[in-house]
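# What the coordinates show
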Amino acid sequence: MALWDNYDDVDFQVVANAAGQYSVWPSTRPCPPGWSDAGFAGPRQACLDEIDGIDGIDGIDRRGQGRPGAAERPPAAAAAAAAGAGPRPAPEEGRSALYGPHRAVPDVPVTELIRARELPADLVAAVCGEQRLTRGELFDTAAGWARVLTEEGCGREVPVGLLLPRGLDALTAIFAVLEAGGGYVPLSCDDPPARTEAVLRDCGARTVVTTDELAATLGPRAGRVLTLSELRARAAGSTARPRPAAGDDLAYVFYTSGTTGLPKGVEGTHRQLVNYALWCGRAFEHRPGEVTFLSASLFFLGSLTTIFTPLLEGRPIVVAPDGVTTDELLELTRGSAGGLLKITPTHLRMMTARGVPQDGPARQLMVGSEPLTFTPEIRAWLGGDRSRVMVNHYGLTETHGCFCHWLTGDEETGGRIPVGTPIDNVEAYLVDRDGELVGIGEVGELLVGGPSLGRGYRHRPALTAERWIPHPWGADGARLLRTGDLARLGADGVVTVLGRADRQVKIRGHRVEPAAVEEALRGLPGVGEALVLPRSADGTTALDAFVLRAAGAGAGPDPVALREALETAFPPQWIPARMAVLDEFPVNANGKVDIAALPVPRPPVPVTAAGGPAERWSRLDRIVAEAFCDVLEVDDIGLADGFYDLGGDSLTSVRVAALVGRALGRDVPAPSADAATVRGYARRIGPAGAAAPAAPAKRGS
């Protein structure tokens, strides 16, 4: 179970630290160091509601006076403690606590750290198509734009929206906002205006930098729209002096829809960027002449890896234009000596289907944002050149990258790759429902601490308090993030993430783990990858499975065989009612599986073929088949197809009885286990009517 799971009968208290941050904590447990009772107790949700109503919390003044200025913010020592800096305890023997290497994190903005490298001004900073940008050009242009932004009100803790396609202008604008002391808010050029407006309204950005063409798509509520042409025209004559940000100041706000579909922004700091860029520069060494590819969307956290690290290390960035396809990305990466490419497992699968990674796409691959499964193609690629590197990278929008695992090439095919060990300064703890550290090899919820943590959700104090909790084992006032992921620490000191704690669903009164079904499917012949999702309709829930064909699997795998294999390992409630076999998963702009674009799966049971006289359909057969099709949402069905085999359950069987009874004008019993096929149920509820020619029933016929 996850932390505080089924804690409905336990009172919580609102607690606060010296940095003015609030959270909740069980009243039955002592407050962690540096946290104190804020004077309210009650059920957990009531405590969160109380936090939501506190004036001025997390920089929100509900009386309209704006965010506190720098002089009003907590002292640096308190802020650093809240971020997780300071002395750390030694791990308990046999308990699931582990720490990345401890290194000093400079208290400077990331742009100052990049400039301080004093690399040659004519060194190429970035390339996009035929366009090239040297470091000198980047720094000079960004400095001019930063002066203009300062004149427009940008400064410390001020968000600025960036509605720009991926390219050199976007990189320059990001650098300029940070140089002006502000935080950049990347916006998608493909989002509908209503979504863009919602993000701008939520983050409070009063200025948006965009192109002349995209400016027309912004409505009147966008505030000050500053086009690139205006920035260029005003830069030379601007004399404003930007005020540099501090390490704990806002650097960016990245928006994620989460499970509700509502945009929520995660506040990131310069401390995060600096800690991560310094670690990444040490972890991924480039050969002379190698470049870093930027293919992630600018509003996707993965872009931070391939923007700030290469700028810090003096490695050229090759920018993939917006809308680049898999084939186009492969062609782009073949044109340069790739030192590092950050991609998702979905992208990797699509590349391997095209003969890659045998001939590309970069010497070092950082794979993240989704679970990674080891495949024969990965083994072949790693074995083809001993200098090749593949790393499984783990991090949430709330944490940036915080775990890494280097693959050896000897992993078990079909097995899930561990997320590895914490990066520099990151702490990790696996806890049970009571918040106690679990033992080595036991499953617990993964909590993460250290400078990889974002500050919280912008203008979401209750949601922040729910996810950012007091740190029981850290410095005074420090916080940990509840990742919501279940994980296990092995005896080798490596962490494996097993799936989302909140993915557990109830089916027919039983708790079911879709992640466990996915894991079982991945181990079956012909399956390259699997995704299992709950589907709810009319008050009932069932599982849908989507599987990718493994390389060389031909037409397979057979859904019927997959279902039969699962039935040997799981109870009926765990068996997917419908399955789809795909060549590729549809992906969204972030490179993750686009759930909304998945096809409608079908029941993994063959429809009975029409036969001779023995397969003739009665009128009652047709009534039953029509009811089965309506309730199970299938198009075709045969006489020997079983209601429960197709995903029916005791609840939906009642609906079948109601539909059939209505058609017959009398009450009938629900399908039973021994009379669940179309023909078997029809025979049970009454004599057959007039015979009809043989043909399977079709929905709507």
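Below you will find a few notes about this structure. The shown structure was predicted, so the numbers you read here are calculated from the model rather than taken from an experiment.

The subject of this paragraph is the overall build of the chain. Within the chain one finds 19 helices and 34 strands. A buried classification covers 56% of the 701 residues belonging to the chain. In the chain, 66% of the contacts between residues at least 6 apart in sequence involve partners at least 24 apart. For the chain, the accessible area works out to roughly 28,500 Å², and carbon and sulfur atoms hold 52% of it.

So, on to the pattern of salt bridges. Within this structure, the stated rule accounts for 33 salt bridges. The salt bridge involving Arg 482 is made with Glu 445; its shortest N-O contact spans 2.9 Å. Pair noted here: Arg 482 is in strand β24 (residues 479–489) and Glu 445 is in strand β21 (residues 443–449), with a separation of 37 residues, a long-range link. Using a relative accessible area of 12% as the deciding quantity, one classes Arg 482 as buried. For Glu 445, a relative accessible area of 1% translates into the label buried. Here the residues in one salt-bridge network are Glu 151, Glu 152, Arg 224, Glu 230 and Arg 234, joined through shared partners.

Our next topic: the pairing of strand β7 (residues 159–163). Successive residues of a regular strand alternate their side chains across the two faces of the sheet. For β7, a buried count of 5 out of 5 residues is recorded, marking the element as mostly surrounded by other parts of the structure. Burial of the side chains of β7 extends over both faces: Pro 159, Gly 161 and Leu 163 are buried on one face and Val 160 and Leu 162 on the other. When β7 meets strand β8 (residues 183–186), the two strands line up parallel, connected through 4 bridges. Each bridged residue has a counterpart across the sheet, and for Val 160 the counterpart in β8 is Tyr 184. In terms of handedness, the path from β7 via helix α5 (residues 168–179) over to β8 forms a crossover that is right-handed.

What follows covers the nonpolar core. With 53 residues, the main nonpolar core has Leu 149, Leu 162, Tyr 184, Val 209 and Phe 308 as its most contacted residues. Of the residues forming this core, the biggest block, 9 residues, is contributed by α5. Contact partners of Leu 162, with chain neighbours within four places excluded, come to Ala 173, Ile 174, Val 177, Tyr 184, Val 185, Pro 186, Leu 187 and Val 209. Core analysis: the next-biggest nonpolar cluster, separate from the first, contains 31 residues, Trp 279, Val 389, Ile 423 and Val 495 among them.

In this section: unusual backbone geometry. Here the phi dihedral of Glu 118 falls at roughly 50°; this positive angle occurs in a residue that is not glycine. Note that Glu 118 resides in the loop between α3 (110–115) and β5 (124–128). Phi angles above zero are rare outside glycine, and His 400 is one such case at about 60°. With respect to the helices and strands, the residue His 400 is situated in strand β18 (residues 400–406).

Rules used in this analysis
- Residue numbers here run from 1 along each chain, matching the order of that chain's written sequence.
- In keeping with the predicted nature of the model, local features appear solely for residues at pLDDT of at least 70, side-chain atom pairs appear and are counted solely at 80 or more, and the whole-chain, interface and lining totals rest on all residues.
- Heavy atoms from the whole structure form the basis of all side-chain values; hydrogens and water molecules are not counted.
- To qualify as a helix, a DSSP run of H or I must reach at least 4 residues; to qualify as a strand, a run of E must reach at least 2; elements of each kind are numbered from the N terminus.
- Here's how the labels work: a residue is buried when its accessible area is under 20% of the maximum for its type, exposed when over 50%, partly exposed in between, all with a 1.4 Å probe on protein chains only.
- Pairs of residues are marked as contacts when any of their non-hydrogen atoms sit within 4.5 Å.
- Areas reported here follow the Shrake-Rupley algorithm with a probe of radius 1.4 Å; residue values treat only the protein chains shown as occluding.
- Salt bridge, as used here, is a side-chain nitrogen of Lys or Arg placed within 4 Å of a carboxyl oxygen of Asp or Glu.
- Any two strands are treated as partners once DSSP identifies two or more bridges connecting them.
- By definition, the crossover connecting two strands over a helix is right-handed if that path, from the first strand to the second, turns clockwise as seen with the strands pointing away from the viewer.
- Take the buried residues of types Ala, Val, Leu, Ile, Met, Phe, Trp, Tyr and Cys, join any two whose side-chain atoms come within 4.5 Å, and each joined set is a nonpolar core.

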